[in-house]
Amino acid sequence: MRDRFQAEKRFVDGAQFIGGRLTHGTSGRTQDVVDPATGETVFSYHLASAADVDAAVAAAVAAFPAWSSATPGERSDALHRFAAVLAGRADDLAHAESLQCGKPLKLSTGFDVPGTVDNAAFFAGAARHLQGAAAGEYSADHTSYVRREAIGVVGSIAPWNYPLQMAAWKVLPAVAAGNTIVLKPAETTPLTSLLFAQAARDAGIPDGVVNVVCGTGPEAGEHLVAHPDVAMTSFTGSTAVGRRVAELAAATVTRLHLELGGKAPFLVFDDADLEAAARGAVAGSLINTGQDCTAATRAYVQRPLYDAFVARVAALMESVRVGDPFAEDTDIGPLISHAHRDRVAGFVDRARARARVVTGGAAPAGDLAGGAYYLPTLIADAPQDSEAVQAEIFGPVLVAVPFDTDDEGIALANDTPYGLAASAWSRDVYRTGRATRALRAGCVWINDHIPIISEMPHGGYRHSGYGKDMSAYSFEEYTQVKHVMYDNTATAAKDWHRTVFGDRT
Ligand code: NAD
């Protein structure tokens, strides 16, 4: 199973996809793609240089006039074909994603790939529904209307946790709206972004519309953001790098869309269904081994349910099978790398001074010792100002904290700089209604945590960034609106000219 996708055979011609062709990067440096379940290198490629980024941007500039003036129907047809090609390559995509990320194959097959195909199908439809205000005479002497136009070349930078879905979220709304794009995936996880771009080409999307450069953040990423021909940067990653991207974009006044880190609260009121909340907390914190920007990370539980919740979550976490991503009975796989596993372990070890590690808190022994594995971990009674509550750990770690009043629970939930997602658990419609209004996050779930759908927007508040992925709202990011105003009077001397000519006619 692990050998099914052989990257070195698939990308013999290189790991840069520019103008519809694979080429080798020219930085003079190579990058290994490592299987985090074994620590073995599965592919090695030449990283992109600034010159490769220039070539990709040039290809996107050249493709823009024809692609942006294609009719919505033509772009929609191409995206429908793209969705079909992706669906036909589901096996390849899922195996490559599991290999480079260590995701269980059941997650890649059941979530990442179908989510990507559905996104392509959604944007194929949405491409025909770009809307604006109705034309009208908002001044008696003029007719106004709005043109919604593509922006130009979009530079996109994506993280390693969901490489395929991130490629889809970045590329699809951009090209559906008539832009062309240069995508830079995380350098450690390039495989499915390259497969995605090849599928776009094979679906008949013209060369140069979708380009992928695989290089490092400081070299290829910064060059892309600062490039004078890039009209917009769409970045998904950590808040720290998002700040750097914003600084660079300021110099060229480049439009920005930032999807940054998260530390989602999971708020359990005392009338909640305890079993549903405990299961939801375990699934919501462990999905993708906790490397999910919307993962449940802070469970605030009202005091009467707290002890039972902690006990049930610990028991459920202990039943989760950590193992080889390609084994059928595996529930969660390794973290993305040994370095990241050690970082996660560091957070948990430091938390012990002020909180209780109820379960987990270690790497598994035995057969799994060679991979970047870490056991599902529950930390209880952590103080609100502690690092474990405030910082994004990005691993299979849930922190539980008790609260007394509803107001206190909501205040604690809002008390980090992040605002990407949150959930509230209760059977009382007034309590959940109040929580939906009071929680400061771009997505609030009630009695669930994690599901996403192509039709609805995803994006943050506060330090989690701004702008929306998915849904028709993403077109607000990837289009610009032009007001066109026609004079209706057919006269040389217009009424408003009095402001300059006075009463001289
Ligand atoms: P990261 O910020 O380290 O890297 C993200 C991307 O930025 C990578 O492609 C990287 O090469 C690039 N990069 C690094 N330095 C750069 C620079 N100086 N200039 C330009 N580009 C640079 O993030 P990561 O570790 O890959 O991903 C994890 C983070 O992503 C977490 O914080 C997570 O919450 C966040 N994330 C957010 C969302 C969302 O929708 N809000 C989704 C997924 C992940």
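Keep in mind that this is a model prediction, so the values were computed, not measured.

For Ser108, the position within the fold is in helix H5 (residues 105-126). Residues in contact with Ser108, not counting those within four places in the same chain, are Ala94, Glu97, Ser98, Lys103, Val113 and Pro114.

Our next topic: unusual backbone geometry. The backbone phi angle of Thr289 is positive, close to 55°, even though this residue is not glycine. Secondary-structure assignment places Thr289 in the loop between helix H10 (274-286) and strand S13 (296-302). When its relative accessible area of 3% is taken as the criterion, Thr289 is described as buried. Although it is not a glycine, Ser471 sits at a positive phi angle of roughly 65°. Considering the arrangement of structural elements, one finds Ser471 in the loop between strand S19 (465-466) and helix H16 (474-478). Residue classification places Ser471 among the buried positions, given a relative accessible area of 0%.

Note on helix geometry: an α-helix contains 3.6 residues per turn, so any two residues three or four positions apart are oriented the same way. Given a rise of 1.5 Å per residue, 14 residues ought to cover 20 Å, and the 20 Å separating the end C-alpha atoms of helix H6 (residues 163-176) matches this to within 8%. Among the 14 residues that make up H6, 14 are buried, leaving the element largely enclosed by the rest of the structure. Just downstream of H6, Gly178 is the residue with a positive phi angle, here 100°.

Following the UniProt record, the feature "domain: Aldehyde dehydrogenase" (unreviewed entry) maps to residues 26-484 here. Across residues 26-484 one finds 42% helix and 20% strand; the C-alpha atoms that close the span lie 45 Å apart.

All chains considered together, the criterion is met by 12 aromatic pairs. Plain terms: the ring middles of Phe43 and Tyr45 are 5.9 Å apart, the flat faces sit at 15° to each other, and that makes the pair stacked. The residues Phe43 and Tyr45 share a single accessibility class, namely buried. Between Tyr145 and Tyr486 the ring centres are 6.1 Å apart and the planes differ by 25°, which places this aromatic pair in the stacked class. Of this pair, Tyr145 sits in strand S6 (residues 142-150) while Tyr486 is found in strand S20 (residues 479-487), placing the two residues 341 residues apart along the sequence. Given the relative accessible area of 29%, Tyr145 is considered partly exposed. A connected cluster of aromatic rings, assembled from ring pairs, spans Phe5, Phe11, Phe43 and Tyr45. If you follow Arg350 out to its NZ or CZ, it ends over the ring of Phe347, 5.1 Å from the centre.

Turning our eyes to something else, we now look at the domain arrangement of the protein chain. Splitting the protein chain by domain gives domain 1 (17-260 + 460-483) and domain 2 (264-446). Taken over C-alpha atoms, the centre of domain 1 sits 30 Å from the centre of domain 2. Every contact between the two is made by 29 residues of domain 1 and, on the other side, 32 residues of domain 2. Here domain 1 and domain 2 share an interface that buries about 2300 Å² over both sides, 58% of which is from carbon and sulfur atoms. For the pair domain 1 and domain 2, the number of links is 14 residue pairs in polar contact (both at pLDDT 80 or more). Ranked by residues supplied to the side of domain 1 that touches domain 2, first place goes to helix H4 (residues 90-101) with 5 residues. Across the side of domain 1 that touches domain 2, the residue classes tally to 12 nonpolar, 12 polar and 5 charged.

For strand S11 (residues 255-259), the tally of buried residues reaches 4 of 5 residues, placing the bulk of the element in the interior. Relative to S11, strand S10 (residues 232-236) runs parallel, the two sharing 5 bridges. If you follow Ser234 over to S11, its bridge partner there is His257. Where S11 lies against S19, 2 bridges are found, and the strand directions are antiparallel. Residue pairing for S19: Glu259 is matched across the bridge by Gly465.

Glancing now at the site of the ligand. In the vicinity of the ligand, 27 residues are found, and the nearest of them are Ala158, Glu222, Ser238, Leu260 and Glu392. Between the ligand and the protein, one listed contact pairs an oxygen atom with a backbone N or O atom of Ala158 at 2.7 Å. Contacts to the ligand include Ser238, whose side-chain N or O atom sits 2.6 Å from an oxygen atom. Contact with the protein chains removes 90% of the 850 Å² of surface that the ligand exposes when unbound. Those elements that place two or more of their residues in the shell around the ligand are helix H8 (217-226), S10 and helix H9 (239-251). At 3 residues, H8 tops the list of elements feeding residues into the shell around the ligand.

The positions that UniProt labels "active site" (unreviewed entry) are, in the present scheme, Glu259. As for its placement among the helices and strands, Glu259 is situated in strand S11. Residue Glu259 is classed as buried on the basis of its relative accessible area, which comes to 2%. The residues touching Glu259, leaving out its near neighbours within four places in the chain, are Lys170, Phe235, Thr236, Gly237, Leu420, His458, Gly459, Gly460, Ser464, Gly467, Lys468 and Asp469.

Interaxial distance between helix H14 (residues 406-413) and helix H15 (residues 429-438) falls to 11 Å at its minimum, and their mutual angle equals 30°. With respect to H15, the axis of H14 lies roughly parallel. For the crossing formed where H14 meets H15, the hand is right-handed. For the pair formed by H14 and H15, the contact residues are Asp406, Asp407 and Ile410 on the first element and Arg431, Arg434, Ala435 and Ala438 on the second. Within the contact of H14 with H15, the residues separate by chemical class into 3 nonpolar, no polar and 4 charged.

Calculation rules
- Residues numbered from 1 in each chain as written.
- Predicted model: local features only at pLDDT ≥ 70, side-chain atom pairs only at ≥ 80, totals over all residues.
- Heavy atoms only, no water.
- Helix = DSSP H or I, 4+ residues; strand = E, 2+ residues; numbered from the N terminus.
- Contact = heavy atoms within 4.5 Å.
- Buried < 20%, exposed > 50% of the residue type's maximum accessible area, 1.4 Å probe, protein only.
- Expected span 1.5 Å × (residues − 1).
- UniProt positions renumbered as here; feature names shortened; annotations may be inferred.
- Phe/Tyr/Trp six-rings, centres within 6.5 Å; stacked < 30°, edge-to-face > 60°.
- Lys NZ or Arg CZ within 6 Å of the ring centre and 35° of its normal.
- Domains from an automatic or database assignment.
- Buried area = accessible area lost by both parts, 1.4 Å probe.
- Polar contact = N/O pair within 3.5 Å; in protein donor to acceptor, adjacent residues only side chain to side chain.
- Nonpolar A, V, L, I, M, F, W, Y, C, P; charged D, E, K, R; others polar.
- Pairing = 2+ DSSP bridges.
- Near = heavy atom within 4 Å.
- Areas by Shrake-Rupley, 256 points an atom, 1.4 Å probe, with all protein chains shown as cover.
- Axes fitted to C-alpha atoms, helices over the stretch in contact; angles between N-to-C directions.
- Parallel < 35°, antiparallel > 145°, perpendicular 65-115°, else oblique.
- Left-handed = near helix turned anticlockwise from the far one by under 90°.

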